[in-house]
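Chain by chain, the residues:
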Amino acid sequence: MAQKRRKYRKQRSLKALLFRLIIGIICILTAGTGAWSYSLSGKLLPTRELLTGDASIHFIDVGQGDATLIMTGTNSVLIDTGTNASADSLVTYLETYVGQIDYLILTHPHDDHTGGADEVLDAIPVRNVITPDIPGNDYYRVLEELSDTYDFNLIPAEPGNRYEAGEIYCTILGPVHLDHSNLNDVSIVTKVDIGSVSLLCSGDAEQIAEQDVLANTDPALLDCDIYQVGHHGSSTSTSMEFFYAISPDICVISCGNGNSYGHPHSTVVSLIELSGSDLYRTDLEGTIVLDIKEETTVRRIW
Ligand SMILES: [Zn+2]
């Protein structure tokens, strides 16, 4: 039995060696074209050619933060820019896939969401930036100055407004109120529609801001296929009422491996698992890429 196990282990290690050799050869052959790159976790990223669907959603591994890219052939929307520490790897990732960004949505001025914004603006042409104009906070004024330097339209987030980038439609559902003292609660809540597939991103909005959205939104608008779990899976967000209003088939949690907040919290993970929704996590799997084909099929390719 032990001999059989040793033989099996040997076969597995030979297979692993062969796999690493093949990947190594592909990397050497394509190194000159820059076709391959790595995510923050060291995971090899898919080439643009692998994205065979009509659109794709990329939950980019930026450690403890959010950066979510939605793209079709020529149009793209980026929601948040990760931390300042992950800015270089985010820019490398974005440059692999997009030549410009139609809308950059900065949910709220915390480093884990806007820390890479300067570097993204510096590296990639951005046409429009949407962010909340929060009373008593100067982040909107900073972006006003940057809009001259980088030539983008600055748009204050207002619920009900809708923005179009080719086949990508973004509807702003929150923040409904800008007078919350906790900056998390003025996070932009966005519904993204691509064909008949929909995604909800709520930044770090906590349960009080979720209640604002529930009270202010047509329930049909909240129903989404994919949910980027609020506040990195913290128990301060994703109330049962909010979650069941979304009733997603797929949930993605963006958070850093071994982060000091203990994200995602077990109550949120249990809620998702009990619902039967698929759960993917960037802390465990690195960047997650969903490919969308013929407007209805969502396939995880990475
Ligand atoms: Zn955050």
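From a predicted model like this one, the values you see are computed outputs, not experimental measurements. Starting from 1, residues in each chain are numbered consecutively following that chain's sequence as written. It should be noted that, the model being predicted, local features are given only for residues of pLDDT at least 70 and side-chain atom pairs only at 80 or more, the latter also being counted only at that level, while totals for whole chains, interfaces and linings use all residues. Side-chain metrics in this entry use all non-hydrogen atoms of the structure; hydrogen atoms and water are not considered.

The next point concerns the overall build of the chain. Runs of E in the DSSP output that reach at least two residues are strands. Runs of H or I that reach at least four are helices, and both are numbered from the N terminus. Counting secondary structure elements, the chain contains 10 helices and 15 strands. Relative accessible area decides the class of each residue, using a 1.4 Å probe on protein chains only: under 20% of the type maximum gives buried, over 50% gives exposed, and in between gives partly exposed. When each of the 302 residues of the chain is scored for burial, the buried share is 53%. Should any heavy atoms of two residues lie within 4.5 Å, those residues are counted as being in contact. A separation threshold of at least 6 residues defines the contact pool for the chain, and within that pool the share at least 24 residues apart is 64%. Of the roughly 13800 Å² that the chain leaves accessible, carbon and sulfur atoms contribute 52%. Here the Shrake-Rupley method, with its probe set to 1.4 Å, supplies the accessible areas, and only the displayed protein chains count as covering residues.

Geometry of aromatic contacts follows a simple scheme: Phe, Tyr and Trp rings, the Trp one being its six-membered ring, pair when their centres are within 6.5 Å, and the pair is stacked under 30 degrees between planes, edge-to-face over 60, tilted otherwise. Enumeration over the complete set of coordinates arrives at 5 aromatic pairs. On the numbers, 6.4 Å between centres and 75° between planes, the contact of Y227 with F242 is edge-to-face. Of this pair, Y227 sits in strand 11 (residues 226–228) while F242 is found in helix 8 (residues 240–246), placing the two residues 15 residues apart along the sequence. The residues Y227 and F242 share a single accessibility class, namely buried.

Moving on, we get to the pairing of strand 6 (residues 153–156). Pairs of strands are assigned from DSSP output, requiring at least two bridges between the strands. In this structure, strand 5 (residues 126–131) lies alongside strand 6, joined through 4 bridges in parallel fashion. Among the inter-strand pairings, V129 is bridged to a residue of strand 6, identified as L154.

Any carboxyl oxygen of Asp or Glu that lies within 4 Å of a side-chain nitrogen of Lys or Arg is treated as forming a salt bridge with it. The final tally for this structure, using the stated rule, is 4 salt bridges. Linking R127 and D102 is a salt bridge whose minimum nitrogen-to-oxygen distance equals 2.7 Å. A residue pair is termed long-range when its members are at least 10 positions apart, and R127 in strand 5 and D102 in strand 4 (residues 101–105) qualify at 25 residues. Among the salt bridges present, the one from R141 reaches D133, with a minimum N-O distance of 3.2 Å. The partly exposed category is assigned to R141, whose relative accessible area is 36%. You can call D133 partly exposed: its relative accessible area is 28%.

Moving on: the coordination of the zinc ion. Here the term donor refers to an N, O or S atom within 2.8 Å of the metal (or 3.2 Å for Na, K and Ca), and because water is left out of the atoms, sites may appear incomplete. The zinc ion binds to the protein through D112 (OD), H113 (NE2), D204 (OD), D204 (OD) and H232 (NE2); the donor distances cover 2.0 to 2.7 Å. Site description for the zinc ion: donor spacing in sequence, D-H-x90-D-x27-H. Highlighted residues: D112 in helix 3 (residues 111–114) and D204 in the loop between strand 10 (197–201) and helix 6 (207–216), separated in sequence by 92 residues.

If you walk across this open sheet you meet the 7 strands as 7-8-9-10-11-12-13, and the pairing is mixed. Of all the strands in the sheet, just strand 7 (162–165) and strand 13 (278–281) have a single pairing partner and so form its edges. Averaged over all adjacent pairs, the angle separating strand axes in this sheet is 20°, with direction ignored. Relative to strand 12 (residues 250–253), strand 11 runs parallel, the two sharing 3 bridges. Within strand 12, the residue paired with I226 across the bridge is I250. Working convention: axes come from line fits to C-alpha atoms, limited for helices to the stretch in contact. Angles between N-to-C directions cover 0 to 180 degrees.

Moving on, we come to empty space enclosed by the protein. A 1.4 Å probe that fits but cannot get out identifies a cavity on a 1 Å grid over protein atoms alone, an open set with protein on both sides within 12 Å along at least five of seven lines counts as a pocket, and a residue lines either if it has an atom within 4 Å of a point. Grid points are joined across faces, edges and corners, and a volume is the space filled by probe spheres set on the points. Taken as a whole and assessed by the stated rule, the structure comprises 3 cavities of 30 Å³ or more. For the second largest cavity, the calculated volume is near 40 Å³. Gly counts as polar in this scheme, as do all residues outside two lists: the nonpolar Ala, Val, Leu, Ile, Met, Phe, Trp, Tyr, Cys and Pro, and the charged Asp, Glu, Lys and Arg. Partitioning the lining of the second largest cavity into residue classes produces 3 nonpolar, 5 polar and 2 charged.

The predictor reports its confidence for every residue as pLDDT, a score running from 0 up to 100. On average, residues of the chain carry a pLDDT of 86, and 79% of them reach 70 or more. Segment residues 1–38: pLDDT under 50, and 18 contacts once partners within four positions in sequence are set aside and those in other chains are kept.

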